[in-house]
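As a plain string of letters, each chain reads:
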Amino acid sequence: MALTMKNYKGYNKLPYCTAHYPQTKATVVADTPEQRRLIQTSQMQSQVAYHADFERNIKGTVTSLAEDAETKRVKEIAGVVSQAAYTRTSQSDRSEGFQREESYNAKSEQQRAYNPAGPSARMVMPGIPAPAQVPPPQPPPPSAPGGVVYVAMYDYDAQDDDEVSFLENDRIINSEQVDEGWIVGTVQRTGHRGMIPANYIERA
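Residues numbered from 1 in each chain as written. Predicted model: local features only at pLDDT ≥ 70, side-chain atom pairs only at ≥ 80, totals over all residues. Heavy atoms only, no water.

1. A closer look at the side chain of E163
Logical step 1: Inspection of the secondary structure puts E163 in the loop between β1 (150–152) and β2 (171–177).
Logical step 2: Polar side-chain contacts of E163 include one of 2.5 Å to the side chain of Y156. (Helix = DSSP H or I, 4+ residues; strand = E, 2+ residues; numbered from the N terminus. Polar contact = N/O pair within 3.5 Å; in protein donor to acceptor, adjacent residues only side chain to side chain.)

This is the structure:
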């Protein structure tokens, strides 16, 4: 005879005894320090396994993103914002550099101009004969304008305080390269000096 639940008779005619009969309520486990330690150890082991899997399979790999219209639009906006910030920073740096150069030139001119006793003045002490007067050195003959000479290809109106305006065919003298897109030079016709866009001029 095959043993089944219908013909099996256990304790009190049930397949389980009272202590081991399945209950419909959850089993309550006491929250002891040992239990908390086991839970913490299990969590740490899980974290170690996660990091080991990350180092072995995920780290150093490239995650490919879907190239849709929204992603392209976000990239274009980020590029425009970055370019605008770079342009503002570059213009600010050029303006500060030009102002420092003008301030330095003005101070140099003031120092050269201030000499109350003249260039040949000497301090004379009582009882000591004055040294022989030495004639001042002759200034060197005027030289040609320094730097590369450019010719304006188009008219340009200054967009900022540190820029200069010029007309087509104006000559730019005493030029200095600032960066790839700008130079500092003097417009020979007006005598004004400032920043000049390099794409408006060409070498003479």
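2. Overview of the nonpolar core
Logical step 1: Within the largest apolar cluster, 13 residues are counted, with the highest numbers of intra-cluster contacts made by Y150, F166, I172, I183, V187, I196 and I201.
Logical step 2: When contributions to this core are tallied by element, the ones reaching two or more residues are β1, β3 (182–187) and β4 (193–197).
Logical step 3: The element best represented in this core is β3, accounting for four residues.
Logical step 4: Residue contacts for F166: discarding those within four places in its chain leaves A152, Y154, D155, Y156, V187, R189, I196, P197, Y200 and I201. (Core = buried A, V, L, I, M, F, W, Y, C linked by side-chain atoms within 4.5 Å. Buried < 20%, exposed > 50% of the residue type's maximum accessible area, 1.4 Å probe, protein only. Contact = heavy atoms within 4.5 Å.)

3. Remarks on the pairing of β3
Logical step 1: The buried fraction of β3 is high, at six of six residues.
Logical step 2: Side chains W182, V184 and T186 project from β3 onto one buried face, and the interleaved I183, G185 and V187 project onto a second face that is buried too.
Logical step 3: In this sheet, β3 lies alongside β2 in antiparallel orientation, the contact comprising four bridges. From the neighbouring strand, I172 faces β3, where its bridge partner is V187.
Logical step 4: Two successive antiparallel strands, β2 and β3, enclose a turn made up of four residues.
Logical step 5: Two elements, β3 and β4, share five bridges in a ladder whose sense is antiparallel. Within β4, the position partnered with T186 by the bridge is R193. (Pairing = 2+ DSSP bridges.)

4. Digging into unusual backbone geometry
Most peptide bonds take the trans form, and the phi angle of most residues other than glycine is negative.
Logical step 1: One non-glycine residue, N169, lies in positive phi territory at about 75°.
Logical step 2: Inspection of the secondary structure puts N169 in the loop between β1 and β2.
Logical step 3: The exposed category is assigned to N169, whose relative accessible area is 56%.
Logical step 4: Look at N174: it is not a glycine, yet its phi comes out positive at around 50°.

5. Some details on the side chain of S175
Logical step 1: The topology assignment puts S175 in strand β2.
Logical step 2: Of the polar contacts made by the side chain of S175, one reaches the backbone oxygen of V148; its length is 2.4 Å.

6. Looking at the packing of aromatic side chains
Logical step 1: Within this structure, the stated rule accounts for three aromatic pairs.
Logical step 2: When the ring of Y154 is compared with that of Y200, the centres are 5.9 Å apart and the planes differ by 85°; the resulting orientation is edge-to-face. Remark: Y200 occurs in the loop between β4 and β5 (201–203) and Y154 occurs in the loop between β1 and β2; sequence separation between them is 46 residues.
Logical step 3: Residue classification places Y154 among the partly exposed residues on the basis of a relative accessible area of 45%.
Logical step 4: You can call Y200 partly exposed: its relative accessible area is 27%.
Logical step 5: Ring geometry for Y156 and Y200: centres 5.0 Å apart, planes at 65°, overall edge-to-face. Here Y200 lies in the loop between β4 and β5 and Y156 lies in the loop between β1 and β2, a separation of 44 residues in the sequence.
Logical step 6: Each residue in the set Y154, Y156, F166 and Y200 is aromatic and connected to the rest through ring pairs, giving one cluster. (Phe/Tyr/Trp six-rings, centres within 6.5 Å; stacked < 30°, edge-to-face > 60°.)

7. Quick notes on the confidence of the model for the protein chain
Logical step 1: On average, residues of the protein chain carry a pLDDT of 75, and 67% of them reach 70 or more.
Logical step 2: The lowest-confidence element of the protein chain is helix α2 (residues 69–113), averaging 75 in pLDDT; the highest-confidence one is β1, averaging 93.
Logical step 3: Segment residues 140–144 is flagged for pLDDT under 50; beyond a separation of four residues in sequence, or across chains, it makes zero contacts in the model. (pLDDT = per-residue confidence, 0-100.)

8. Structural notes on the sheet that holds β1
Logical step 1: With antiparallel pairing, five strands are arranged side by side in an open sheet as β4-β3-β2-β1-β5. Among the strands making up the open sheet, the edge pair consists of β4 and β5. Sheet twist, expressed as the average angle between the axes of neighbouring strands with direction ignored, equals 45°.
Logical step 2: As paired elements, β1 and β2 share two bridges and run antiparallel to each other. Its bridge partner being in β2, Y150 is matched across the sheet by I172. (Axes fitted to C-alpha atoms, helices over the stretch in contact; angles between N-to-C directions.)

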